[in-house]
Amino acid sequence: MSMKHYFKSINDEFMALQNRLKYLIGHTHHLTIGNYQESLLIDFLSKYLPDNIGVSRGFVLFNQRDELDYGNRRNNLDYNSNEIDILLYDKTRPTLYKSNDLVIVDVNSVKGMIEVKGNLTTNILDETISKFKTNIEKINLLNDNKCIFSGVFAYKTSNFSEQSILKKLNNDSLNINRVINHVCLGNLKFIKFWDNNPNNLDDEDYNTWHYYKFKESLAMGYFIYNLITYFNETNDSIWFPSDTKENYQTHSRLLS
């Protein structure tokens, strides 16, 4: 078994499938292509995540709205999240609403959330991270469980520097509830937030992002299987390539 080649095949599959649609309808139908890119990841995760984890586009309800003020507030994060591209939720709990491609759940049902971008450019980087952190913080503060899986999955990106994106991930003054803990930046680049030092398991409260730059197309595979193993009670090395990704770490940033 070669998990390294398997990870590469995942990356190749995603890129081939998203390009297939572009070949047929061109590059101008951005909304259709964007929805398709989200659907690709939803379909893949649905096949491999445990049966008790639901995967869908959706919203999270925080509190009931004030009936007297209901008509005056079109969107208010006191009551519900923004629309989440991919919402991971506990299927053993009841949902407030569910259709083929949309769910609305209460905050304690949330297990994770993913923001999907076809092209994460410099122009939208600040807004993407800021809005996503707002949803993450609200959920983590109200959720009775551990901090949720929070990830940004970009099929491709602008050529921004390692330090610039790490700085943007980190600009919240030790607020662990706003941490984005996994980021896929196209084929080759991956970021993971480590609670404990992967090179020294006794080093707790490590709270550091590691930035990895691979020589081969492994980033999407690492993102997906970090998500899948997030719901494992044990950290089994069989899920990952034998050549540890720490060999590909180029930068790090402490939560500060």
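Here we summarise the structure given alongside this text. (Residues numbered from 1 in each chain as written. Predicted model: local features only at pLDDT ≥ 70, side-chain atom pairs only at ≥ 80, totals over all residues. Heavy atoms only, no water.)

When helices and strands are tallied, the protein shows five helices and ten strands. Here the protein holds 256 residues, and 46% of them are scored as buried. For the protein, restricting intrachain contacts to residue pairs at least 6 apart in sequence, the fraction spanning at least 24 positions comes to 70%. Accessible surface, the protein as shown: approximately 13,400 Å² in total, 46% of it carbon and sulfur. (Helix = DSSP H or I, 4+ residues; strand = E, 2+ residues; numbered from the N terminus. Buried < 20%, exposed > 50% of the residue type's maximum accessible area, 1.4 Å probe, protein only. Contact = heavy atoms within 4.5 Å. Areas by Shrake-Rupley, 256 points an atom, 1.4 Å probe, with all protein chains shown as cover.)

Counting 38 residues, the largest nonpolar core has Phe14, Leu41, Leu49, Leu88, Ile114 and Ile224 as its most contacted members. Secondary structure elements with two or more residues in this core: helix H1 (3–25), helix H2 (30–48), strand E1 (53–61), strand E2 (84–90), strand E5 (110–117), strand E6 (149–154), strand E8 (189–194) and helix H5 (219–230). With sequence-adjacent residues up to four places away left out, isoleucine 224 is seen in contact with Ile10, Phe14, Leu41, Phe44 and Leu45. Membership of the second largest hydrophobic core comes to 32 residues, among which are Val103, Leu120, Leu125 and Tyr211. (Core = buried A, V, L, I, M, F, W, Y, C linked by side-chain atoms within 4.5 Å.)

Let us now look at the sheet that holds E2. Strand pairs in the sheet, formed through backbone hydrogen bonds, run parallel or antiparallel to each other. Taking strand neighbours across the sheet as the criterion, the ten strands line up as E3-E4-E1-E2-E5-E6-E7-E8-E9-E10 in an open arrangement whose pairing is mixed. Every interior strand has two partners, whereas the edge strands, strand E3 (97–98) and strand E10 (249–254), have only one. Here four bridges tie E1 to strand E4 (residues 103–106), and the two strands are oriented parallel to one another. The residue bridging phenylalanine 59 from the neighbouring strand is isoleucine 104, located in E4. Across the sheet, helix H3 (residues 122–142) lies against E1, E5 and E6, angled at about 170° from E5, the strand it touches most. Lying over the sheet, helix H4 (residues 162–169) contacts strand E7 (182–185), E8, strand E9 (208–213) and E10, oriented at roughly 30° with respect to E10. (Pairing = 2+ DSSP bridges. Axes fitted to C-alpha atoms, helices over the stretch in contact; angles between N-to-C directions.)

All right, on to a negative patch on the surface then. Taken together, the side chains of Asp195, Asp202, Glu204 and Asp205 present a region of like negative charge at the surface. Structurally, the position occupied by aspartate 205 is in the loop between E8 and E9. The class for aspartate 205 is exposed, based on a relative accessible area of 66%. (Patch = residues over 30% accessible without salt bridge, like charges linked within 9 Å, V, L, I, M, F, W, Y side chains within 5 Å. Salt bridge = Lys/Arg side-chain N within 4 Å of Asp/Glu carboxyl O. Lys, Arg positive; Asp, Glu negative; His and termini not counted. Charge placed at Lys NZ, Arg CZ, Asp CG, Glu CD.)

Evaluated as defined, the whole model comprises eight salt bridges. Here lysine 4 ties to glutamate 216 by a salt bridge, and the two come within 2.8 Å at their closest N and O atoms. Of this pair, lysine 4 sits in helix H1 while glutamate 216 sits in the loop between E9 and H5; the two residues are 212 residues apart in sequence, bridging distant segments of the chain. We classify lysine 4 as partly exposed; its relative accessible area is 26%.

Turning our attention to the packing of H3 against H4. Packing of H3 against H4 leaves a shortest axis separation of 10 Å and a crossing angle of 30°. On the basis of the axis angle, H3 is roughly parallel to H4. Every pair of crossing elements has a handedness; the one defined by H3 and H4 is right-handed. On the side of H3, the interface is formed by Leu125, Asp126, Ile129 and Lys133, while H4 contributes Ile165, Lys168 and Leu169. Residues belonging to the contact of H3 with H4 are distributed by class as follows: four nonpolar, no polar and three charged. (Parallel < 35°, antiparallel > 145°, perpendicular 65-115°, else oblique. Left-handed = near helix turned anticlockwise from the far one by under 90°. Nonpolar A, V, L, I, M, F, W, Y, C, P; charged D, E, K, R; others polar.)

In a regular helix each residue adds 1.5 Å, so 23 residues correspond to 33 Å; H1 covers 34 Å between its end C-alpha atoms and thus fits that length. Among all positions in H1, only Met3, Phe7, Ile10, Asn11, Phe14, Met15, Gln18, Leu21 and Lys22 are buried. (Expected span 1.5 Å × (residues − 1).)

Looking now at a nonpolar patch on the surface. Taken together, the side chains of Leu61, Leu96 and Tyr97 define a hydrophobic patch exposed on the protein surface, amounting to about 280 Å² of accessible area. The topology assignment puts leucine 61 in strand E1. Judged by its relative accessible area of 32%, leucine 61 falls in the partly exposed class.

A word on the pairing of E4. On E4, burial follows the alternation: Val103 and Val105 on one face are buried, whereas Ile104 and Asp106 on the facing-out side are not. Here E3 runs beside E4; their pairing, made up of two bridges, is antiparallel. Looking at the pairing, lysine 98 lines up with valine 103 of E4. Counted along the chain from E3 to the antiparallel partner E4, the turn is four residues long.

Geometric values such as these leave the question of function open.
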